[in-house]
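Commentary on secondary and tertiary structure
In case you want the letters, here they are:
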Amino acid sequence: MKNTVLGLCLGLVMTLAQAGDVLSLKAGHPQSYVVKKGDTLWAISGMFLDDPWLWPELWYYNPQVKNPHLIYPGDVLKLMWVDGKPVLVRNPAPDNSVVKLTPEMRISEITDAIPAIPLDVIAPFLTRSRVVSDAELEQAPYVLAGKRGNIVAGAGDQILGRGDFSNDETYGVYRRGQVYKDPVTGEVLGVEATDIGTANLLATEKDIATLTLNRSTQEIRRADRFLPMEIRHIHARFEPKAPAEDSNGFIIAVEGGVTQIGSLDVVTLNLGERNKLEPGDVMAIYSAGGVVTDPVTNERVKVPDVRAGLLMVFRSFERVSYALVLKAEQPLKVGDIVKNP
């Protein structure tokens, strides 16, 4: 579907009134750049700024325009000065000694617009992962057996389930994953429900149901659980920003169970909706400072935490969130601290 997008020349304002900081252009930045397919606003901003996550605060906005920051492959971004401030101007006129920021009409496929971050990295995780309470998982109906009595099944097979199937006709099939706990309080924050398939309800007789598997990512086994399909609002575009409230937390898990975490890895935080976190929120990652011995007093002194990277929340639950590591300045690990940037 065609979308009419009103765009403005894009400005990269180098002072941030909200934070009170003066931002400098990145050393060796280009004077102009031609947008290419596969680019992201994060990567483009990183060519000009040391802190690319700040681009929503820095790109020029007109509040009357819905999506002024949309740019497309082939657009030319040129670094110029407007009212004493450096700005990135999109497709400047040949005579660019004076720049006037005015609305302009553009008709394009909105799906062609350059995204803020590489969504293809987190798209599979957006549809796959889910956090539920232990009670919700325990009370959910479960796989009783294969239709022919077999103990494993896959896509195309019919299986028998037991429990209450009155909530829906299509169910996700999940397997219990790790239990998320707060590393400080020990509070159980939720249980990972790992998606392994989808099933359609065919018939029920009392508490026994017959279902057909139309998708499976691995073998479906007895005691795997059925959960109604979620009504999900996937964010097609994320706009990185600071969280609404100051929050301190920890990385408590990493997708895939690896020990070393790097850029574009998906991690779990012990912060969620109750902490006012929402998709797009950016947090700084810190490695805990060690303890050293003072050479004069012989005291044991804890040194400051070391900033080690940035991450962005892309899905939040009540007590936990999933986030994408956008920048890793050193190897990260479970237990690292997260704070407002």
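Reference entry: report on the structure contained in this document. (Residues numbered from 1 in each chain as written. Predicted model: local features only at pLDDT ≥ 70, side-chain atom pairs only at ≥ 80, totals over all residues. Heavy atoms only, no water.)

Counting its secondary structure elements, the protein chain contains four helices and 24 strands. Residue burial in the protein chain is summarised as follows: out of 341 residues, 43% are buried. Put simply, 69% of the contacts in the protein chain that link residues at least 6 apart link residues at least 24 apart. Of the accessible surface of the protein chain, which amounts to about 17500 Å², a share of 52% is contributed by carbon and sulfur atoms. (Helix = DSSP H or I, 4+ residues; strand = E, 2+ residues; numbered from the N terminus. Buried < 20%, exposed > 50% of the residue type's maximum accessible area, 1.4 Å probe, protein only. Contact = heavy atoms within 4.5 Å. Areas by Shrake-Rupley, 256 points an atom, 1.4 Å probe, with all protein chains shown as cover.)

A few words now on the sheet that holds strand β22 (residues 306-316). As summarised here, the arrangement of the six strands in space is β17-β18-β23-β22-β19-β24, forming a closed barrel in which the pairing is antiparallel. With direction set aside, neighbouring strand axes in the sheet form an average angle of 45°. Strand direction decides the pairing type here: strand β17 (residues 249-254) and strand β18 (residues 266-269), joined by three bridges, are antiparallel. When the bridges of β18 are listed, Ala-253 appears paired with Thr-268. (Pairing = 2+ DSSP bridges. Axes fitted to C-alpha atoms, helices over the stretch in contact; angles between N-to-C directions.)

In terms of burial, strand β19 (residues 282-287) is largely enclosed, as six of its six residues are buried. Burial of the side chains of β19 extends over both faces: Val-282, Ala-284 and Tyr-286 are buried on one face and Met-283, Ile-285 and Ser-287 on the other. As defined by bridge partners, β19 adjoins β22 across six bridges and the pair is classed as antiparallel. Residue Ser-287 lies in a different strand from β22, and its bridge partner there is Val-306.

Right, let's get into unusual backbone geometry. We note that Lys-206 has phi near 60°; this positive angle belongs to a residue other than glycine. By the element assignment, Lys-206 lies in the loop between β13 (188-205) and β14 (208-216). In this structure, Leu-264 takes a positive phi of about 70° despite not being glycine. Here Leu-264 falls in the partly exposed class, since its relative accessible area comes to 39%.

Below, the discussion takes up helix α1 (residues 41-48). Because each turn of an α-helix spans 3.6 residues, side chains separated by three or four positions in sequence point in the same direction. The element α1 is extensively covered by neighbouring structure, given that six of its eight residues are classed as buried. Restricting attention to buried positions, one finds in α1 the residues Leu-41, Trp-42, Ile-44, Ser-45, Gly-46 and Phe-48.

Another aspect to go through is the packing of aromatic side chains. One pass over the structure, following the stated rule, counts five aromatic pairs. Seen from their ring centres, Phe-317 and Tyr-322 are 5.5 Å apart, and the 90° between their planes marks the pair as edge-to-face. Following the ring pairs from residue to residue traces out a cluster consisting of Phe-165, Tyr-171 and Phe-226. Above the ring of Tyr-286, the side-chain terminus of Lys-339 is found at 4.7 Å from the ring centroid. (Phe/Tyr/Trp six-rings, centres within 6.5 Å; stacked < 30°, edge-to-face > 60°. Lys NZ or Arg CZ within 6 Å of the ring centre and 35° of its normal.)

Right, let's talk about the pairing of β14 for a bit. A regular strand places its side chains so that they alternate between the two faces of the sheet. Two elements, strand β11 (residues 158-162) and β14, share five bridges in a ladder whose sense is antiparallel. Considered in β14, the bridge of Gly-161 is made with Ala-209. The hairpin turn running from β13 into β14, its antiparallel successor, is two residues long, and Lys-206 in that turn takes a positive phi close to 60°.

Membership of the largest hydrophobic core comes to 19 residues, with the highest contact counts inside it found for Val-131, Tyr-180, Phe-314, Val-320 and Tyr-322. Going through the elements one at a time, β17, β19, β22 and β23 (321-328) are the ones with two or more residues in this core. Both domains that meet at this core, namely domain 2 (125-228) and domain 3 (248-339), each give it at least three residues. Formed by 16 residues, the second largest nonpolar core is a distinct cluster that contains Val-267, Met-283, Ala-323 and Leu-332. (Core = buried A, V, L, I, M, F, W, Y, C linked by side-chain atoms within 4.5 Å. Domains from an automatic or database assignment.)

By themselves, these observations are geometric and do not establish any function.
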